[in-house]
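Okay, here's what each chain looks like letter by letter:
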Amino acid sequence: MLDGTERRLRYGPAFERAFAFACGSCGALWDGRDGEAAERQWAERARGGRVEPSPEEPYGFDAYTLRSAATLHGFWAEPLGAAQADALREPHSPLAGRATLQPLTGGPTEPMSVAILCRERELDEALALAGTIRVWCDDCVILIDGEGPGEERPGLRLHRRPLAADFSAQRNAAQALARHEWVLQLDLDETLDEAAIAALPGLLARLGEETVSIGLRRVNLVDGVRADLFPDTQYRLNRRSLRFEGCVHERPVRPWQRSLLFLGGGLRHHLARAHVEARSQRYESMAPGGGRLFEEVDLLRPYQA
């Protein structure tokens, strides 16, 4: 999704260039020329292993958006020089991004924990989901809405805690139960796609302490049909110390500048039409004014590129 913009990038001490459009999701800039050709050109540049920005290109990135854009093609963007490193910490800098690109796979990795939220009657489904997750994750927590004892199995732990109409408190409890530094929070109707499973451990291993939250694009499938609510970015991969706020449509508490949008894969959200028609009203009753009633229309409309 593109938005109108007046952003400019600086390519040298005496040259700046204006861009007409910015991606409303990741912040990448575009001058309005053939979008498909620009995407192909960027893909070829990414495979070259180094980004030296040129004002002749139809697209542009600052250091921050370049790091996100590189993940689309499976790369980590390492800033070239101190000025680029400083720009990375100050989104969105006017300095055009320069970086070397390294594959996210095949190098160092860092594990993550996965936390699944469910209700007691959904436990069998949660266990089935955990079974697929345990193939690539050694620490999976199922947090069940209710009272009762916990249980521990190899790579899997079950805990119970009343939801009490507060999703952020439930997510915070799941954060505290995790054993790894990074925690992916999943709902029962969500899955992480294979591209993200392959690339995220390499991304996490390269992140510095300044990054505390990873945004994942979520594809909503309503009765198997891709919905028009896209990119439905969810900041569900966070450092264990991070906390959520909001009793519904909960979100992590952090400055957005300490986040990174990952584009190389994401979440798949499996919904039934009847659930979509009921969920916003249910959330609205839990938090008047916060149910995002408008989302129902977008979810029930098939995706329009």
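Before any of the text, the structure's been laid out above.
Residues numbered from 1 in each chain as written. Predicted model: local features only at pLDDT ≥ 70, side-chain atom pairs only at ≥ 80, totals over all residues. Heavy atoms only, no water.

Observations regarding the overall build of the protein chain
Then step 1. Secondary structure summary: the protein chain contains eight helices and 21 strands in total.
Then step 2. Computed over its C-alpha atoms, the radius of gyration of the protein chain comes to 20 Å, within 12% of the 19 Å expected for a compact globule of 305 residues.
Then step 3. For the protein chain, the C-alpha atoms occupy an extent of roughly 65 × 40 × 30 Å along the three principal directions.
Then step 4. Taking all 305 residues of the protein chain together, 48% fall into the buried category. (Helix = DSSP H or I, 4+ residues; strand = E, 2+ residues; numbered from the N terminus. Rg over C-alpha atoms; globule rule 2.2 N^0.38 Å. Buried < 20%, exposed > 50% of the residue type's maximum accessible area, 1.4 Å probe, protein only.)

A closer look at the pairing of strand 10 (residues 112–119)
Then step 1. Of all the eight residues making up strand 10, seven are buried; the element is thus mostly covered by neighbouring parts of the structure.
Then step 2. Relative to strand 14 (residues 182–187), strand 10 runs parallel, the two being bridged by six bridges. Bridge pairing links Ser113 to Val183 in strand 14.
Then step 3. Pairing between strand 10 and strand 11 (residues 140–145): six bridges, direction parallel. (Pairing = 2+ DSSP bridges.)

Side note on the environment of Val219
Then step 1. Structurally, Val219 can be placed in strand 16 (residues 213–222).
Then step 2. A C-alpha to C-alpha distance of 4.9 Å links Val219 and Arg268, two positions 49 residues apart in sequence.
Then step 3. Beyond its immediate stretch of four places on either side in the chain, Val219 contacts Arg226, Phe230, Leu267, Arg268 and His269. (Contact = heavy atoms within 4.5 Å.)

Here we look at the sheet that holds strand 6 (residues 50–51)
Then step 1. Sheet architecture is open: three strands sit in the order 6-9-8, paired in antiparallel fashion. In the strand order of this sheet, the two ends are held by strand 6 and strand 8 (75–79), each with one partner.
Then step 2. Bridge analysis of strand 8 against strand 9 (residues 99–103) gives five bridges, and the strand direction is antiparallel. Bridging across to strand 9, Ala77 finds its partner in Leu101.

Brief notes about the pattern of salt bridges
Then step 1. Applying the stated rule across the entire model yields 24 salt bridges.
Then step 2. Residue Asp31 pairs with Arg17 through a salt bridge whose shortest N-O separation is 2.8 Å. Residue Asp31 is located in the loop between strand 5 (29–30) and helix 1 (35–47), and its partner Arg17 is located in strand 3 (residues 15–18); the two are separated by 14 residues in the primary sequence.
Then step 3. A salt bridge links Arg171 to Glu250; the shortest N-O distance between them is 2.7 Å. Taken together, the residues span a long stretch of sequence, with Arg171 in helix 5 (residues 167–177) and Glu250 in the loop between strand 19 (244–245) and strand 20 (251–252) at a distance of 79 residues. (Salt bridge = Lys/Arg side-chain N within 4 Å of Asp/Glu carboxyl O.)

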